[in-house]
Amino acid sequence: MKYLNCLLSAFFITVCCSLFTVVNATNFQLMVAEPTLYLPIIGDPFESREAKITPEEYPLAQQLRHLLTQLKYQEALTVLNEYKIQSDVLSPAMYLLIAQIQMQLTQFDHAEKNYIAALKIMPDLVRAHEGLSIVYISLKQPKKAQKSLIKAISLGANNAQSYAQLAYLNMKLNSPLSAIYAYQQALMLDPGNANIRNGLLYALTRSKQFEAAASLLEQMLIENSTKADLWIQRANLALETKDNAKALSSIEVAIRLGNKKTETYQLAAQIHLTEKNYSRAVTLLNSLINTNQLSMNSFNKLLPWLLKEEQWSHAEKLITAMNLNVDVKKSSQYTSDDKSRLLHYQGVLAESKNNKLRAESFFKKAIQLDPSNGDSLISLARVSTELNNVAHAELLYQRAERFDEVKLSAMLGRAQIYIDQQQYEQALQLLRQTRKAFPQRHDLDVNIHTLASIVNNKA
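These figures come from a predicted structure and were not determined experimentally.

Undergrad: Looking at this structure, I do not really get the overall build of the protein chain. What am I missing?
TA: Assigned secondary structure in the protein chain consists of 24 helices and 0 strands. Looking at the protein chain as a whole, 50% of its 459 residues qualify as buried. Of all intrachain contacts in the protein chain linking residues separated by at least 6 positions in sequence, the fraction that spans at least 24 positions is 55%. When the accessible area of the protein chain is evaluated, it comes to approximately 23,100 Å², of which 51% is carbon and sulfur surface.

Undergrad: Please explain the nonpolar core as it appears in this structure.
TA: Where a protein is soluble and globular, its nonpolar side chains tend to be buried together. Ranked by size, the top nonpolar core spans 70 residues in total, and within it Leu64, Leu80, Met94, Tyr115 and Tyr183 carry the most contacts. Among the elements that make up this core, the one with the highest residue count is helix 4 (residues 92-104) (9 residues). Counting residues in hydrophobic clusters, the runner-up holds 59 residues, among them Leu248, Met296, Tyr345 and Ala410.

Undergrad: Help me understand the environment of Trp231, please; the structure alone is not making it clear to me.
TA: Topologically, Trp231 is positioned in helix 12 (residues 228-240). Classification of Trp231 as buried rests on a relative accessible area of 15%. Sequence separation between Trp231 and Ala247 is 16 residues, and the spatial gap between their C-alpha atoms is 8.9 Å.

Undergrad: Help me understand the pattern of salt bridges in this model?
TA: As a working rule, side chains carrying opposite charge can pair if their charged atoms are close by. Taken as a whole and judged by the stated rule, the model has 13 salt bridges. Glu218 serves as the salt-bridge partner of Arg234, at 3.1 Å between the closest nitrogen and oxygen. You can see Arg234 sitting in helix 12 and its partner Glu218 sitting in helix 11 (residues 210-223), a full 16 residues away along the chain. Among the ionic contacts, a cluster of salt bridges with common partners joins Lys276, Lys308 and Glu309.

Undergrad: Is there a simple way to think about unusual backbone geometry in this case?
TA: The general pattern is negative phi for most residues beyond glycine and trans for most peptide bonds. In this model, Leu71 sits at a positive phi of 60 degrees, which is unusual for a non-glycine residue. Counting through the fold element by element, Leu71 comes out in the loop between helix 2 (58-69) and helix 3 (73-86). Using a relative accessible area of 56% as the deciding quantity, one classes Leu71 as exposed. At Asn388, a residue that is not glycine, the phi angle is positive and equals roughly 65 degrees. With respect to the element layout, Asn388 can be found in the loop between helix 20 (374-386) and helix 21 (390-400). Under the relative-accessibility criterion, Asn388 is labelled exposed at 68%.

Undergrad: I tried to follow the packing of helix 14 (residues 262-274) against helix 16 (residues 296-308) on my own but got confused; where do I start?
TA: Each packed pair of helices is defined by two parameters, the angle between the axes and the distance between the axes. Where helix 14 contacts helix 16, the axes come no closer than 10 Å and their chain directions differ by 20 degrees. Looking at the two axes, helix 14 sits roughly parallel to helix 16. In this structure, the crossing between helix 14 and helix 16 has a hand that is left-handed. Counting all contacts with helix 14, which are made through Gln266, Gln270, Leu273 and Thr274, the residues of helix 16 involved are Ser298, Leu302, Trp305 and Leu306. Along the lines of polarity and charge, the residues of the contact of helix 14 with helix 16 split into 4 nonpolar, 4 polar and no charged.

Undergrad: Whenever I open this one, the environment of Ala194 confuses me. Can you help?
TA: Of note, Ala194 is situated in helix 10 (residues 194-206). Of the residues examined, Ala194 reaches a relative accessible area of 45% and is grouped as partly exposed. Considering only alpha carbons, one finds Ala194 and Met220, 26 residues apart in sequence, at a separation of 8.6 Å.

Thresholds applied
- Residues numbered from 1 in each chain as written.
- Predicted model: local features only at pLDDT ≥ 70, side-chain atom pairs only at ≥ 80, totals over all residues.
- Heavy atoms only, no water.
- Helix = DSSP H or I, 4+ residues; strand = E, 2+ residues; numbered from the N terminus.
- Buried < 20%, exposed > 50% of the residue type's maximum accessible area, 1.4 Å probe, protein only.
- Contact = heavy atoms within 4.5 Å.
- Areas by Shrake-Rupley, 256 points an atom, 1.4 Å probe, with all protein chains shown as cover.
- Core = buried A, V, L, I, M, F, W, Y, C linked by side-chain atoms within 4.5 Å.
- Salt bridge = Lys/Arg side-chain N within 4 Å of Asp/Glu carboxyl O.
- Axes fitted to C-alpha atoms, helices over the stretch in contact; angles between N-to-C directions.
- Parallel < 35°, antiparallel > 145°, perpendicular 65-115°, else oblique.
- Left-handed = near helix turned anticlockwise from the far one by under 90°.
- Nonpolar A, V, L, I, M, F, W, Y, C, P; charged D, E, K, R; others polar.

Dropping the structure here:
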């Protein structure tokens, strides 16, 4: 009989510990911005080697040059529209100019029509294809932009900017391998361009070529070791390869270089917890709490790690700091559920100090604030059992069984009460119900078999 009691008790303790859900550090990544697309400014169409204005357009060109030099785009467009009405035919260069001015005025739909008009006259006009790609990027039509840019490159637009734009579009269209090639081509033409390097790094990471990405990143860090974002990238790559130590050292460098973002501190704290560097983790989290940057949701993911590891003093520091935040600083930001969860944690601390009456008080308050707080129902039932209030504990377990996240623990807790009271038939019936509700819990079969033997022997 003692064997059965001990066996089920040990299993119950294991289940209760699993209530503290801890997020693995590799599940949490810092968000690194995607490559930025720098669009070129308007070129001077009158110097184009591809399209020439007609002699009839020379006077207009001189007038427009003066307006464009002064950045009077709307006035220039008005002059061009008037000329367009009076003239039967415009040169491709004029259509190109109208489209470029409309781009400056963010009239993308109109610019598209004029680029197309230029291409009808001169289908291989490279700058019109380039301009169309920028129009489609601005209109968030990446497939059309990609098609126009590929055409421009095939016609001779072999410059770093075009390849970088194509790489960006390939990434947008979920083609990281082709983006890598385009970024490499761009980098050959412009080796010192930091934006292109960042884009290549992003593409290598997205395509899971971590070794190549790490090699490129180390070169970038040699040239610019004071850029915090590069150290964040290094941390991300380390997390991808499960190198927590390297990730942690990289994040700490980023923090020293001025990266004070909430997510950076949270990830650093999270990895410190996995590495058992509890003091540093608590320091980082305390800093976030004191500046009101740690959400209750994040707190609920990180604090249980300390409770699970029985780091009571460290946990108490965080609970005290968060409690102060709730009560004094920003109480309006916290819901009844948040306050209930804090009371639950205080109950857990009191229980760790063997102060069962104080723990009972905290758990009761937690349930009053949030009747659906399953963890507090389970904890209060356990404390009530230890305080010999078994009938109340049974009712609490029955209440807790309504909540999926603690149903297993509640059913096992109630079964334990029946076993302790030698109500073996009830315990057997309940364990069979538990096994049916949780078919994956094959480890219950031993307990069920033992109980069945006892019941049959009694019969």
